[in-house]
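Fold and contact review
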Amino acid sequence: NEFTARASIVFADPPYNIGVRYEDDPSCDRLSPENYRRLTRNVLRFMRRCMRPNATLWWMVPEEHADWVGTMLTDSIGPRVHRIVWHETFAQYQQKRLTEDYRFIFCHTNGDPRKITFNPDSIRIKSRRQEMGDVRADPRGRVPGQVWQVRRLQGTSVSRVDWHPAQLPPELLDRIILGWSNPGDLVVDPFLGSGKTMISCVQHKREFAGFEQSERYIEKCRKELERSLS
């Protein structure tokens, strides 16, 4: 009840039901398709209650779940704003099949897509014209399109922690938080994990609330938060 109708952004990178071994996860991330869909639907219904009017919910998903998740998001949250393709640079290359180097990030709103918060100048990136030295280039850079080329958080990255199996690059989270919320807004993450969303919120002066079933991950995130504030 504390977060009801307050969140400007809900960001979720849920388990993909592929057998990842998370702490305190007796199912080993291997639910039946029916139970996995039921879990997704229940989380979405709860998160909708956390959202203020014209907020956005961001849901990350691999190709195998994209079609049904997209429909469920529209039914449970509201109209789609974006279907982002995250092209992961430094993806794990394959030799005998095509490399799986992308994920979808769905963005839906519980209100009017024309009334959501959007700060384009906060997320501009260098344009090709700038890289080529073209005098016609906008010196501010350009607003990203629907395909985001952002690195995968590879194992050697200094941003990576050694106690969680699934982590996102700060650049990806920073773009969403800066672009679709304002300082002081509340961001909610229903799958806290390694706490990367939390750290981005602290750095950019947003309020944050997260949910996590693993007591060990919660304690680790608390220590990460203390380090970021010191």
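Being a predicted model, the structure only gives us computed values, none of them experimental. Starting from 1, residues in each chain are numbered consecutively following that chain's sequence as written. The predicted nature of this model means local features are confined to residues of pLDDT at least 70 and side-chain atom pairs, given and counted, to a pLDDT of 80 or more, with totals for whole chains, interfaces and linings taken over all residues. The basis for every side-chain value is the complete set of non-hydrogen atoms in the structure, without hydrogens or water.

Description of the side chain of His 65
The line we're drawing: Counting from the N terminus, the helices are the DSSP runs of H or I reaching at least four residues and the strands are the DSSP runs of E reaching at least two. Note on classification: 1.4 Å probe, protein chains only; a residue is buried when its accessible area is under 20% of the maximum for its type, exposed when over 50%, partly exposed between these limits. Residue contacts are defined here by distance: any two heavy atoms, one from each residue, within 4.5 Å place the two residues in contact.
Tracing the sequence through the fold places His 65 in helix H2 (residues 63-76). You can call His 65 buried: its relative accessible area is 8%. Once residues lying within four places of it in the same chain are set aside, the contact partners of His 65 are Tyr 16, Asn 17 and Tyr 36.

Overview of unusual backbone geometry
We note that Asn 54 has phi near 60 degrees; this positive angle belongs to a residue other than glycine. Within the secondary structure layout, Asn 54 lies in strand S2 (residues 51-61). Here Asn 54 falls in the partly exposed class, since its relative accessible area comes to 23%. The residue Phe 90 is not glycine, and still its phi comes out positive at about 65 degrees. Inspection of the secondary structure puts Phe 90 in the loop between strand S3 (80-89) and strand S4 (102-109).

A look at the sheet that holds S2
Spelled out, the test is: The rule for pairing is simple: two strands pair if DSSP sees at least two bridges between them. A fitted line through C-alpha atoms serves as each axis, taken over the contacting stretch for helices, and the angle formed by two N-to-C directions is quoted from 0 to 180°.
Judged by pairing direction, the sheet is mixed, and its seven strands sit side by side in the order S5-S3-S4-S2-S1-S6-S7 without closing on themselves. Each end of this open sheet is capped by a strand with a single partner; those strands are strand S5 (147-151) and strand S7 (207-210). Averaged over all pairs of adjacent strands, the angle between strand axes in this sheet comes to 20 degrees, irrespective of strand direction. Here S3 runs beside S4; their pairing, made up of seven bridges, is antiparallel. Looking at S4, one finds that His 87 is bridged to Tyr 102. Running over the sheet, helix H5 (residues 196-203) touches strand S1 (7-12), strand S6 (186-189) and S7 and is turned about 165 degrees from S7.

A closer look at the packing of aromatic side chains
Which entries qualify depends on this criterion: Only Phe, Tyr and Trp rings are paired, with Trp represented by its six-membered ring, and only when their centres lie within 6.5 Å; those with planes under 30 degrees apart are stacked, over 60 edge-to-face, the remainder tilted. Counted as over-ring charges are cases with an Arg CZ or a Lys NZ within 6 Å of the ring centre that also lie within 35 degrees of the ring normal.
Going through the model one piece at a time under the given rule, you end up with 10 aromatic pairs. Ring geometry for Tyr 102 versus Phe 104: centroids 5.5 Å apart, planes at 80 degrees, classification edge-to-face. One aromatic cluster is present, built from ring pairs that chain together Trp 58, Phe 118, Trp 148 and Trp 180. A cation sits over an aromatic face here: Arg 83 above Phe 104, 4.3 Å from the ring centre. Above the plane of the ring of Trp 148 lies Arg 175, whose end atom (NZ or CZ) is 4.9 Å from the centre.

Re the side chain of Ser 76
Here Ser 76 lies in helix H2. Taking relative accessible area as the criterion, Ser 76 reaches 15% and is therefore assigned buried. When residues no more than four places from it in sequence are discounted, the contact partners of Ser 76 are Arg 41, Leu 44 and Arg 48.

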